[in-house]
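Structure assessment
Listed below are the residues making up each chain.
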Amino acid sequence: MDSKDYRQINTSSGSLGIFFRWCLAVAFLLPFSVVKAADGGTSSAFELSVGGGWSDIAYRPLAQEVSNAGSWGLTAHAGYTLFFTPVVGVSLGVDLSRYGAALTPPSALSWAGQTDSDGEPYEHRLMLSGWRERHNALYAQFPVSLRFDVPVGQIRFLAEVGVKYGIYLSGGTVASGSVTHTGWYDKWHLLLYDLPPYGFYTETDFNPRTEVKYRDMWSAFLKVGVAVPLTAHMSLTCRFFFEGGFTDIMPAGRTVSELGFRNDRPGMESLHAFMPDYTSLLDTDLVGNRANAFSLGLELGLSWRIPHRKRYTCRCLFD
């Protein structure tokens, strides 16, 4: 293992250690918060929620001819909140979140100075139609946050701000669309197409898939919304959320090349040998060396809030 790999592993382990030390500190301080607020204003809340909306794996820098429209995102959350006043509390939880991106490469590419199977010079041209490469990443996340629960009439206004540590679980890319190869012969001012023996054809069933190993990440998040009481202790929650990753999740050890669509089918091995094979845009020089995950959307859930008992002065027989 080289020193670069060691530093990457050491950095990831250090971030994870900081996060768990932070969680232990919060857990240690919670009982003291309960003792301090011994007037009965403390309570515990348990919450389950699911949400969805828009997400993005924002690659930077991104070539000008490549666009990224983002993709749908999903999140599921289970959490516990200790309210050490009637309004303010500290939350811990676990999330399962999906982030995505949708990249569109340049629609036209060309390779000049090529030679066909008959020895004639030509320019190889390639057109992409409806081509879209979708990326996805699944993370297990552990949020720590400060929560505000403010009564406003019959409902409660909710606000929450905090950070998450995300452990990467799985992800990859899948591309779809059609690829058309043509040949321009300047000698005769002639464009050849639909000639498979010469490598000029349209391919519609080319859907390359790759597995991607993104890095673990830190992110910050904000949630605002309302809670509508259903029973004395249970409420329906509706919140808007925004999350932004502030650490790089780009896969380590990338090797990049120019964009290409070489076809190695039997009989085609030498016809497109001048261009690289297509795996993913992440393996090309069109995508930079940094990425951050973002998401925003709407979250619905159920919350159970249980007041703690008041503490009374002991009135014992022998006092």
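Figured I'd write up the structure that's included with this text. (Residues numbered from 1 in each chain as written. Predicted model: local features only at pLDDT ≥ 70, side-chain atom pairs only at ≥ 80, totals over all residues. Heavy atoms only, no water.)

**Side note on the overall build of the protein**
From N to C terminus, the protein includes one helix and 13 strands. The helix and strand sequence of the protein, counted from the amino end, reads α-β-β-β-β-β-β-β-β-β-β-β-β-β. Here the protein holds 319 residues, and the buried ones make up 44% of them. Nonlocal contacts in the protein, meaning residues at least 24 apart in sequence, comprise 77% of its contacts between residues at least 6 apart. Only carbon and sulfur atoms are counted for the fraction: they give 63% of the accessible area of the protein, which is about 16900 Å². (Helix = DSSP H or I, 4+ residues; strand = E, 2+ residues; numbered from the N terminus. Buried < 20%, exposed > 50% of the residue type's maximum accessible area, 1.4 Å probe, protein only. Contact = heavy atoms within 4.5 Å. Areas by Shrake-Rupley, 256 points an atom, 1.4 Å probe, with all protein chains shown as cover.)

**Side note on the packing of aromatic side chains**
In this structure the tally under the stated criterion is 15 aromatic pairs. When the ring centre of Trp72 is taken as origin, the NZ or CZ atom of Arg98, which lies over that ring, is 3.7 Å away. Its end group placed over the ring of Phe221, Lys164 keeps NZ or CZ at 5.2 Å from the ring centre. (Phe/Tyr/Trp six-rings, centres within 6.5 Å; stacked < 30°, edge-to-face > 60°. Lys NZ or Arg CZ within 6 Å of the ring centre and 35° of its normal.)

**Focus on the environment of Met275**
Looking at the element boundaries, Met275 is found in the loop between β12 (234-245) and β13 (287-307). Taking the relative accessible area as the measure of exposure, Met275 reaches 1% and is therefore buried. With 13 residues separating them in the primary sequence, Met275 and Arg262 have C-alpha atoms 5.6 Å apart. Not counting the four nearest positions on each side in its chain, Met275 is found in contact with Trp111, His124, His181, Gly260, Phe261 and Arg262.

**What to know about unusual backbone geometry**
Among all residues save glycine, negative phi is the norm, and among peptide bonds the norm is trans. Each neighbour pair has its own omega, and for Arg60 with Pro61 the value is -15°, a cis peptide bond. Mapped onto the elements, Pro61 comes out in strand β1 (residues 43-62). Here the phi dihedral of His189 falls at roughly 50°; this positive angle occurs in a residue that is not glycine. According to the relative accessible area criterion, His189 is exposed, its value standing at 59%. Phi is positive for Asp194, close to 55°, though the residue is something other than glycine. Examined against the element boundaries, Asp194 turns out to sit in the loop between β8 (190-192) and β9 (202-203).

**Notes on the pairing of β13**
Note: β1 against β13, 19 bridges, orientation antiparallel. Looking at the pairing, Ala58 lines up with Asn292 of β13. Across eleven bridges, β12 lies against β13 in antiparallel orientation. Paired with Gly244 across the bridge in β13 is Phe294. (Pairing = 2+ DSSP bridges.)

**Brief notes about the side chain of Glu160**
Tracing the backbone through its elements, the reader meets Glu160 in strand β7 (residues 155-185). Judged by its relative accessible area of 5%, Glu160 is buried. A distance of 2.5 Å separates a polar atom in the side chain of Glu160 from a polar atom in the side chain of Ser145. Residues within four places of Glu160 in sequence aside, it is in contact with Ser91, Ser145, Leu146, Arg147, Phe221, Leu222, Lys223 and Arg239. (Polar contact = N/O pair within 3.5 Å; in protein donor to acceptor, adjacent residues only side chain to side chain.)

**What to know about the pattern of salt bridges**
As a working rule, side chains carrying opposite charge can pair if their charged atoms are close by. The final tally for this structure, using the stated rule, is twelve salt bridges. One salt bridge connects Lys164 with Asp95, and the closest N-O pair in it is separated by 2.8 Å. One end of the pair, Lys164, is in strand β7; the other, Asp95, is in strand β4 (residues 88-104), with 69 residues separating them in the sequence. Look at Lys164 and you get buried, because its relative accessible area is 5%. A salt bridge links Glu243 to Lys164, with the nearest nitrogen and oxygen atoms 3.5 Å apart. (Salt bridge = Lys/Arg side-chain N within 4 Å of Asp/Glu carboxyl O.)

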